[in-house]
Amino acid sequence: MPQTKYRIYELSARAVMAYGREQNGVYTFQLDRIATEKCKAASASHEQDGNALFFQAMCELQGNAYQEPDDEQTIPDLSDVIFYMNFERVFDRGSSARQLERQKKAEAMFRPEGVALDFGDGAHRYRAFERSGSMSRNARLSFIRVDLYERVRQRIMLDMKIGACQLSKLYAYNGLMMSSGIRVDGIGIDQPHRVVVIENHVFDDRGAQVITVEDDGSTGSMRKYHRVEKRLDKVETVCFDGEGLISKQYTQVLNKALGPKRKHTSFQIRMPYVKGMLHQVDFKDFLTSAGTMTITDIWGVEHAVKDVDIILTKSMFKGVGWLKENGKSWDDYWTAFRKYHHALYITNVSKPKPESQTELNFQFLNTLSMSAEEFRPTDLPPGWSHSPAEESRDWLTKETELAYYNLCANEAYRIQYFTDHAVRWWKPQSKESQMARILKKNPLFISEPPYVKKLESEAEGVLSRYAKGKLIVPGDNRFLSGDLFHMLRILLDVSGGKNKQQSVFFSKAVTEPYQEDAFYAPGAQYSTDAVCTILRNPHIARNEEIQLRSYTENYRMREYYFGHLTDVLMVDNRVLAAERLGGADYDGDMVKTIASPVVNKCVSRNYDGFADNRTNLFNIPLLMIPSIEPLIRDANDWKARFETVKNTFSSRVGQISNAALNRSIIAYNENSTAEERERYRQEVETLAILTGLEIDSAKSGIKPDLSEYLGTKDVQRSRFLRFKDIMDAAEEQRKWYEPTPAERLKAYYEKT
């Protein structure tokens, strides 16, 4: 099933602002066809992947019978209905007269009358609408034609009326409709009892040493925080935050609908006010074998296990409160779902087979307790006349150097790069697939220019990533998950009434051990004899990683029900693994599992001085992002909507990460003084927490005051970051008046 594309123009907000006219203190925007054309972003593709909101807009234009075409042609029908406005640099924090004028013009764009544009079929008025999470991070907002605004809004809000609410959350959850994904129709997902919502399971039996921040008591959208270190007797966690189960039978239906030869076992999904991961587990067999015949949902309704195909946790259904406020039931949800021709959308799926390598970045490398010899022994040659694999020693850059050598000089690998990796290019008529078939017939074609050019490009990519601190190591990337065996146990009926066979199965299910300090990664392609490091991005402080052992015992029941989930890494809630990974959840967050002995040895030194790095009370302190109660705003007040978007678009996550890196270079350097290490370690840990608050501000509407850390000269900027900026800029289109990458590099070397 191909990913549909729609013609959606992207306009520069700053270019549109140039046409603003002020009348009685209010800016208005009326652009003719030529002016509109000039405002289109030159670097944009002006097409977007299909999503649920685009489909709903098409249904308003063409009726509920609308179906997306099966071909890969870009659909032009929405080109004068919806457009994206790029607000880049408009909401940057600053008080210059020019910046304040831009923001005043931006506010005028949110007025109910909106902006008037002509995309070629006559002038129309457009009103500020919704944005997805990725659009928010890139300061993009959709605008929709005024005559469709209310009609499409009601479709995506399922006829619910929402007034005073946590507006930032409403934006975030309506924005789920703009997640790029594949629409899956005709699989009867709205069939009664097929989808159930169960209560969240909360765990709070463990305490921990934590580092957190507390605000200054203010109530505005910008708050100042200070660092606090304390011991908590209980840390509350939602065990399966953002994940649920899909039956073995319904997985087959879904894979068939997605296309031939699809055999995915994990799916990231979107439906109205529903988001998260579904993992294929044969829960029907498990529950009925243990004598459990019904599942009770959050409304107290019982459902026969045999009728259920998808189990959502309450954390996956974001509309519970609004549904209740509108006096509606779960059945009413599905009535509106059918009325407006909604469907299941798949935004990500599991990989067909496990990986054997992953990539580290400069942020993580900076937190390692590593010697120069562990990074790269000084007696190694600067270049290789033989394969690095022939060296018996291990060092950090070995796998990266081997990858580069193989692409440049290993003839067998150069051929295998195309033939063995052809499965990555699943389209049989693609250029890459055809090249692989040619090589299988005649390997001598490997010396022809198309093959040489592709291999050189890949080798250059390895070299470029190496220069920017991205190194290849043994390991993999997987979806983070709670222990799904524990979820099945929670669903078991503990009352009597079981026959002998069911009683035996039940007893086995509840007594089969599971290791608290271990992770479960079915089908791992790397050696799992020792401790592995687990981390996720962004990675700022040493506190944001965890070392766990791989499951060493072959538990038959676990393997039987979960052994096929080869793109999932399960962790136990008792060690607060997700919380230690920067407040991760299970709705599709990817984590890296590092199996490199060198890296894991370096990470283990970070825990020197702590009694046990696999418990909570005696481990390195947990960085805890505090829960913030979102601001209450009127969803129908255009000024409130503007303020919410303004706060969201002024994100400084990248700047916080850079400020933290500058400090961590000092904090984690054994050559720094003890006073410097202690001061900057505390600042790095605080910045890691503030990064989480900055990310969460998209849903809370509350941002941390970062003036203490950004824009100050207290810490010298890292030379590596300056170099990385030059390397990154070389991959982007520069303005004609800007220096070339070569000129910037020359100036950098002269100053270094």
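Residues numbered from 1 in each chain as written. Predicted model: local features only at pLDDT ≥ 70, side-chain atom pairs only at ≥ 80, totals over all residues. Heavy atoms only, no water.

Student: Teacher, can you tell me more about the overall build of the protein chain here?
Tutor: Looking only at helices and strands, one finds 27 helices and 34 strands in the protein chain. Along the three orthogonal principal directions, the C-alpha set of the protein chain runs to about 80 × 75 × 70 Å. Within the protein chain, counting contacts between residues at least 6 apart in sequence, those at least 24 apart form 76% of the total. Distance between charge centres in the protein chain, computed from 103 positive and 104 negative side chains, equals 3 Å. (Helix = DSSP H or I, 4+ residues; strand = E, 2+ residues; numbered from the N terminus. Contact = heavy atoms within 4.5 Å. Lys, Arg positive; Asp, Glu negative; His and termini not counted. Charge placed at Lys NZ, Arg CZ, Asp CG, Glu CD.)

Student: I would appreciate a short explanation of the side chain of Arg153 in the present structure.
Tutor: Along the chain, the position of Arg153 falls in helix 6 (residues 146-156). No salt bridge is formed by the buried Arg153. Its closest oppositely charged neighbour is Glu150, at 4.3 Å. Among the polar contacts made by the side chain of Arg153, one reaches the main-chain carbonyl oxygen of Ala635 at a distance of 3.5 Å. In contact with Arg153, other than residues within four places in its own chain, are Phe129, Ala635, Asn636 and Arg641. (Buried < 20%, exposed > 50% of the residue type's maximum accessible area, 1.4 Å probe, protein only. Salt bridge = Lys/Arg side-chain N within 4 Å of Asp/Glu carboxyl O. Polar contact = N/O pair within 3.5 Å; in protein donor to acceptor, adjacent residues only side chain to side chain.)

Student: Explain helix 8 (residues 248-258) here, please?
Tutor: Helical periodicity: at 3.6 residues per turn, an α-helix aligns residues three or four positions apart in one direction. All of the buried residues in helix 8 are Tyr250, Thr251, Leu254, Asn255 and Leu258. Down the axis of helix 8, the buried set is contained in an arc of 140°. They therefore lie on one face. Pointing more than 90 degrees away from the buried face of helix 8 are the exposed residues Gln252 and Lys256. Buried residues along helix 8 sit in contact with strand 11 (182-184), strand 18 (243-246), strand 19 (266-271), strand 20 (274-280), strand 23 (310-313) and strand 24 (344-349). Just downstream of helix 8 lies Gly259, where phi reads positive at about 145°. (Arc of directions from axis to C-beta.)

Student: Explain the pairing of strand 8 (residues 123-128) here, please?
Tutor: Residues in a regular strand project their side chains so that they alternate between the two faces of the sheet. Across four bridges, strand 7 (residues 115-118) lies against strand 8 in antiparallel orientation. Note on strand 8: the bridge partner recorded for Leu117 is His124. Linkage of strand 7 to strand 8, two consecutive antiparallel strands, is achieved through a turn of four residues, within which Gly120 is found at a positive phi near 120°. Here strand 8 pairs with strand 9 (residues 140-145) via three bridges, running antiparallel. Following the sheet pairing, Tyr126 is matched in strand 9 by Arg145. (Pairing = 2+ DSSP bridges.)

Student: How do you make sense of the side chain of Gln154 when you look at a structure like this?
Tutor: Along the chain, the position of Gln154 falls in helix 6. Once you skip the residues sitting within four places of it in the chain, Gln154 turns out to touch Asp159, Met160, Lys161 and Tyr340.

Student: What should I look at first to understand the pattern of salt bridges in this one?
Tutor: Once the charged atoms of two side chains with opposite charge are near each other, the side chains can pair. Here the structure, examined in full by the defined rule, presents 42 salt bridges. Taking the shortest distance from any N to any O, the salt bridge between Arg183 and Asp185 comes out at 2.8 Å. Residue Arg183 is classed as buried on the basis of its relative accessible area of 7%. Note that Arg679 is salt-bridged to Glu683, the shortest N-O span being 3.5 Å. Highlighted residues: Arg679 and Glu683, both in helix 25 (residues 674-700), separated by four residues, approximately one helical turn. When its relative accessible area of 40% is taken as the criterion, Arg679 is described as partly exposed.

Student: Would you mind going over the packing of aromatic side chains with me for this structure?
Tutor: Any two aromatic rings considered together are summarised by their centre-to-centre distance and by the angle between their planes. Under the definition given, this model contains 37 aromatic pairs. Ring centres of Phe83 and Tyr126 lie 5.3 Å apart, and the angle between their planes is 80°; on these two criteria the pair is classed as edge-to-face. In this pair, Phe83 is assigned in strand 6 (residues 82-86) and Tyr126 in strand 8, connecting sequence segments 43 residues apart. The exposure class of Tyr126 is buried, given its relative accessible area of 0%. When the ring of Phe317 is compared with that of Trp330, the centres are 5.2 Å apart and the planes differ by 65°; the resulting orientation is edge-to-face. Placement of the pair is Phe317 in the loop between strand 23 and helix 10 (320-325) and Trp330 in helix 11 (residues 330-339), with a sequence separation of 13 residues. The exposure class assigned to Phe317 is buried, which follows from its relative accessible area of 3%. With a relative accessible area of 8%, Trp330 lands in the buried category. These aromatic residues form a ring-pair network of at least three members: Tyr9, Phe83, Phe87, Phe91, Phe110, Phe119, Tyr126, Phe143, Phe642 and Phe649. Lying across the ring of Tyr9, Lys40 places its NZ or CZ 3.6 Å from the centre. (Phe/Tyr/Trp six-rings, centres within 6.5 Å; stacked < 30°, edge-to-face > 60°. Lys NZ or Arg CZ within 6 Å of the ring centre and 35° of its normal.)

Student: Got a minute to help me understand the sheet that holds strand 14 (residues 208-215) in this structure?
Tutor: Within a beta sheet, neighbouring strands are joined by backbone hydrogen bonds and run either parallel or antiparallel to one another. Within the open sheet, the three strands sit side by side as 16-14-32. Their pairing is mixed. Of all the strands in the sheet, just strand 16 (225-232) and strand 32 (622-623) have a single pairing partner and so form its edges. Across two bridges, strand 14 lies against strand 32 in parallel orientation. Bridge pairing links Val210 to Leu622 in strand 32.

Student: What exactly am I supposed to notice about the packing of helix 14 (residues 398-409) against helix 17 (residues 449-467) here?
Tutor: One way to put it is that helix 14 packs onto helix 17 with a least axis distance of 9 Å and a crossing angle of 160°. On the basis of their axis angle, the class for helix 14 and helix 17 is roughly antiparallel. Helix-helix and strand crossings are classified by hand; for helix 14 and helix 17 the assignment is left-handed. Residue-level contacts link Thr400, Tyr404, Leu407 and Cys408 of helix 14 to Leu455, Glu458, Ala459, Val462, Leu463 and Tyr466 of helix 17. (Axes fitted to C-alpha atoms, helices over the stretch in contact; angles between N-to-C directions. Parallel < 35°, antiparallel > 145°, perpendicular 65-115°, else oblique. Left-handed = near helix turned anticlockwise from the far one by under 90°.)

Student: I keep staring at the sheet that holds strand 24 and nothing clicks. Help me out?
Tutor: Across the sheet, seven strands lie side by side as 11-24-19-20-18-23-12; this open sheet has mixed pairing. Whereas interior strands pair on both sides, the edge strands pair on one side only; in this sheet they are strand 11 and strand 12 (195-198). Each strand of the sheet is rotated relative to its neighbour by a mean of 35°, with strand direction disregarded. The pairing of strand 18 with strand 23 spans two bridges and is classified as antiparallel. Within strand 23, the residue paired with Ile246 across the bridge is Ile310. Together, strand 12, strand 18, strand 20 and strand 23 form the strand contacts of helix 18 (residues 484-491), whose direction differs from that of strand 18 by roughly 75°.

Student: What should I look at first to understand the packing of helix 3 (residues 52-62) against helix 6 in this one?
Tutor: Describing two packed helices takes the angle between their axes plus the distance from one axis to the other. Where helix 3 contacts helix 6, the axes come no closer than 10 Å and their chain directions differ by 125°. When the axis of helix 3 is compared with that of helix 6, the two are oblique. Crossing angle aside, the handedness with which helix 3 passes helix 6 is right-handed. In this structure, helix 3 contributes Leu53, Gln56, Ala57, Cys59, Glu60 and Leu61 to the contact, and helix 6 contributes Leu148, Arg151, Val152, Arg155 and Ile156. Here the contact of helix 3 with helix 6 is built from residues that sort into seven nonpolar, one polar and three charged. (Nonpolar A, V, L, I, M, F, W, Y, C, P; charged D, E, K, R; others polar.)

Student: I'm lost on the environment of Arg641 in this one. Help?
Tutor: Tracing the backbone shows Arg641 in helix 23 (residues 638-649). Overall, Arg641 belongs to the buried group, its relative accessible area being 5%. Expressed as a C-alpha distance, the spacing of Arg641 and Gly300, which sit 341 residues apart in the sequence, is 36 Å. What Arg641 contacts, discounting residues up to four positions off in sequence, is Phe110, Phe129, Glu130, Tyr149, Arg153, Leu167, Tyr171 and Ala635.

Don't take any of this as a statement about function, it's just geometry.
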